[in-house]
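Each chain, written out:
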Amino acid sequence: AKAMGKARHIVFNASMHEDVQSSLQLETDLRRAIERQEFILNYQPIVALDTGMITGFEALVRWISPELGFVSPGKFIPLAEDTGLIIPLGEWVLREACRQLNEWQSNNVTDIPLTMSVNLSVKQFSQPNLIETIDQILAETQLPTQCLKLEITESAIMENSDSAAKILDQLRDRQIHLSIDDFGTGYSSLSYLHRFPVNTLKVDRSFVCRLDAADDNVAIVQAIVTLAQTMGMDVVAEGIETTEQQHQLENLGCEYGQGYLFCKPVNAETAGEMLANRNHK
Ligand code: C2E
Ligand code: CA
Ligand code: CA
Ligand code: CA
């Protein structure tokens, strides 16, 4: 037993060493990618479930590396958070997303008011100059403040609960909307919903994907919708892939959704075409 324990120990160290090596390499690559601007934004429509009309987009960052090819955000966002590189990257994402929506709206590609949802990481949320940066970007890009929605997770709020109230109040003063991302997967405490000005709950994909199966997910989504209605919040369901899920969510009182059923995240050109085509209908 002792020998086995020792062997396991060695294996563990070796693979840890590999992990550290490859994440160091990826960090170097990521740093260079930011300098060389190897990122683009994709946009996924958020639709009204009853009509299918686009109400806005979620901006999702993509790294297209000449050396590594497509690197998924699931891989580089956590690393960007650990290394602090999320600060310059996140600032670029925010600026580019705001600029893009303003371009669509001011060139009359669309005549309906749309929102742009941008993901904010925990690290960004704890930056002391976050509000300053947002103000500067909104002034620069000319995007009306009420068009911007910020998506943060429950943990971003809870890990910064001292500064969170002040930041969130400042966002509300500016009419910037706040969405709780991956709602239901984080903290079990809901008390923060009373303390903070939250506009939207985003139901995590894990609850949506098994809605067809007879299990507790129906009850969970129902509870989230009821909670939101009671508190005057909107609900957006993530990761809708089937019409059954769409109809079930509608029946549960969920008004908005996004997912492959409606549209995958697409590049700016395709998103702009979708908006333009709809205007001519
Ligand atoms: P998220 O914010 O929960 O984004 C939703 C993810 O679900 C996206 O993955 C989207 O492409 C995917 N998705 C949308 N509809 C469907 C569907 O019907 N089925 C399935 N299976 N997936 C669907 P993506 O783009 O790979 O992003 C993964 C995560 O990376 C995001 O999760 C978010 O946490 C993070 N992320 C992406 N872009 C940014 C960014 O600009 N800043 C920050 N801080 N995080 C980002
Ligand atoms: Ca999100
Ligand atoms: Ca999400
Ligand atoms: Ca998620």
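Given the structure is predicted, the values throughout are model-derived calculations rather than measurements.

*Asks:* Quick question: what am I supposed to make of the packing of aromatic side chains here?
*Replies:* Two descriptors summarise a pair of aromatic rings, namely the distance from one centre to the other and the angle between the planes of the rings. Applying the stated criterion across every chain yields a total of 6 aromatic pairs. Look at Phe39 and Phe76: their rings are 5.8 Å apart centre to centre, the planes differ by 50°, and that puts the pair in the tilted class. Separated by 37 residues along the polypeptide, Phe39 in strand β1 (residues 39–48) and Phe76 in helix α2 (residues 73–83) bring together distant segments of the chain. The pair formed by Phe39 and Phe76 is uniform in burial state, with each residue classed as buried. Consider the rings of Phe57 and Trp104, whose centres lie 5.3 Å apart with planes at 45°: the pair is tilted. One end of the pair, Phe57, is in strand β2 (residues 54–65); the other, Trp104, is in helix α3 (residues 86–106), and 47 residues separate them in sequence.

*Asks:* Even after reading the chapter, I still don't get the site of ligand 1, so can you show me in this structure?
*Replies:* Around ligand 1 sit 20 residues in total, of which Gln44, Arg62, Arg205, Glu241 and Tyr260 are the nearest. At 3.2 Å, a side-chain N or O of Glu58 approaches an oxygen atom of ligand 1. Residue Val61 places a main-chain N or O atom 3.2 Å away from a nitrogen atom belonging to ligand 1. In isolation ligand 1 exposes 800 Å². Once the protein is present, 81% of that is buried. At the level of elements, β2, α2 and β6 (177–183) are the ones that each hand at least two residues to the shell around ligand 1. The greatest single-element share of the shell around ligand 1, amounting to 4 residues, is contributed by β2. Looking at the shell around ligand 1 residue by residue, the class counts come to 8 nonpolar, 5 polar and 7 charged.

*Asks:* In this structure, what is going on with a nonpolar patch on the surface? I would like to understand it.
*Replies:* On the surface, a nonpolar cluster with roughly 280 Å² of combined accessible area is contributed by Ile40, Ile64 and Phe70. Inspection of the secondary structure puts Phe70 in strand β3 (residues 69–71).

*Asks:* Could you clarify how one ought to interpret the packing of α3 against helix α5 (residues 130–141) in this entry?
*Replies:* Angle between the axes and distance between the axes: these two values describe a pair of packed helices. Axis separation between α3 and α5 bottoms out at 9 Å; the angle between their running directions is 30°. Classified by the interaxial angle, the pair formed by α3 and α5 is roughly parallel. In this structure, α3 meets α5 at a crossing whose hand is right-handed. The segment α3 lies against α5, with Glu91, Leu94, Arg95, Cys98, Arg99 and Asn102 engaging Thr133, Ile134, Ile137, Leu138, Glu140 and Thr141. When grouped by side-chain class, the residues that make up the contact of α3 with α5 number 5 nonpolar, 3 polar and 4 charged.

*Asks:* What is the right way to read the packing of α5 against helix α7 (residues 161–173) from this model?
*Replies:* Orientation of α5 relative to α7, taken along the N-to-C sense of each, is 20°, at an axis distance of 10 Å. The orientation of α5 with respect to α7, classified from their angle, is roughly parallel. Crossing hand, α5 versus α7: right-handed. Facing α5, whose interface residues are Leu130, Ile131 and Ile134, α7 presents Ile167, Gln170 and Leu171. In terms of residue class, the contact of α5 with α7 is built from 5 nonpolar, 1 polar and no charged.

*Asks:* Can you walk me through the coordination of the calcium ion (ligand 3) in this structure?
*Replies:* Metal coordination angles have textbook ideals: 109.5 degrees for a tetrahedral set of four donors and 90 or 180 degrees for an octahedral set of six. At the metal site, the calcium ion (ligand 3) is ligated by Asp181 (OD), Asp182 (OD), Glu238 (OE) and Glu238 (OE), and these contacts range over 1.9 to 2.7 Å. Read in sequence order, the donor residues coordinating the calcium ion (ligand 3) give the pattern D-D-x55-E. Here the calcium ion (ligand 2) and the calcium ion (ligand 3) are spaced 3.8 Å from one another, each receiving a donor from Asp181. Note that Asp182 is positioned in strand β6 and Glu238 in the loop between β8 (234–237) and α11 (243–251), a separation of 56 residues in sequence. The class for Asp182 is partly exposed, based on a relative accessible area of 27%. Using a relative accessible area of 10% as the deciding quantity, one classes Glu238 as buried.

Reading the values: the criteria
- Residues numbered from 1 in each chain as written.
- Chains lettered and ligands numbered in written order.
- Predicted model: local features only at pLDDT ≥ 70, side-chain atom pairs only at ≥ 80, totals over all residues.
- Heavy atoms only, no water.
- Phe/Tyr/Trp six-rings, centres within 6.5 Å; stacked < 30°, edge-to-face > 60°.
- Helix = DSSP H or I, 4+ residues; strand = E, 2+ residues; numbered from the N terminus.
- Buried < 20%, exposed > 50% of the residue type's maximum accessible area, 1.4 Å probe, protein only.
- Near = heavy atom within 4 Å.
- Polar contact = N/O pair within 3.5 Å; in protein donor to acceptor, adjacent residues only side chain to side chain.
- Areas by Shrake-Rupley, 256 points an atom, 1.4 Å probe, with all protein chains shown as cover.
- Nonpolar A, V, L, I, M, F, W, Y, C, P; charged D, E, K, R; others polar.
- Patch = residues over 30% accessible without salt bridge, like charges linked within 9 Å, V, L, I, M, F, W, Y side chains within 5 Å.
- Salt bridge = Lys/Arg side-chain N within 4 Å of Asp/Glu carboxyl O.
- Axes fitted to C-alpha atoms, helices over the stretch in contact; angles between N-to-C directions.
- Parallel < 35°, antiparallel > 145°, perpendicular 65-115°, else oblique.
- Left-handed = near helix turned anticlockwise from the far one by under 90°.
- Contact = heavy atoms within 4.5 Å.
- Donors = N, O, S within 2.8 Å, 3.2 Å for Na, K, Ca; no water.

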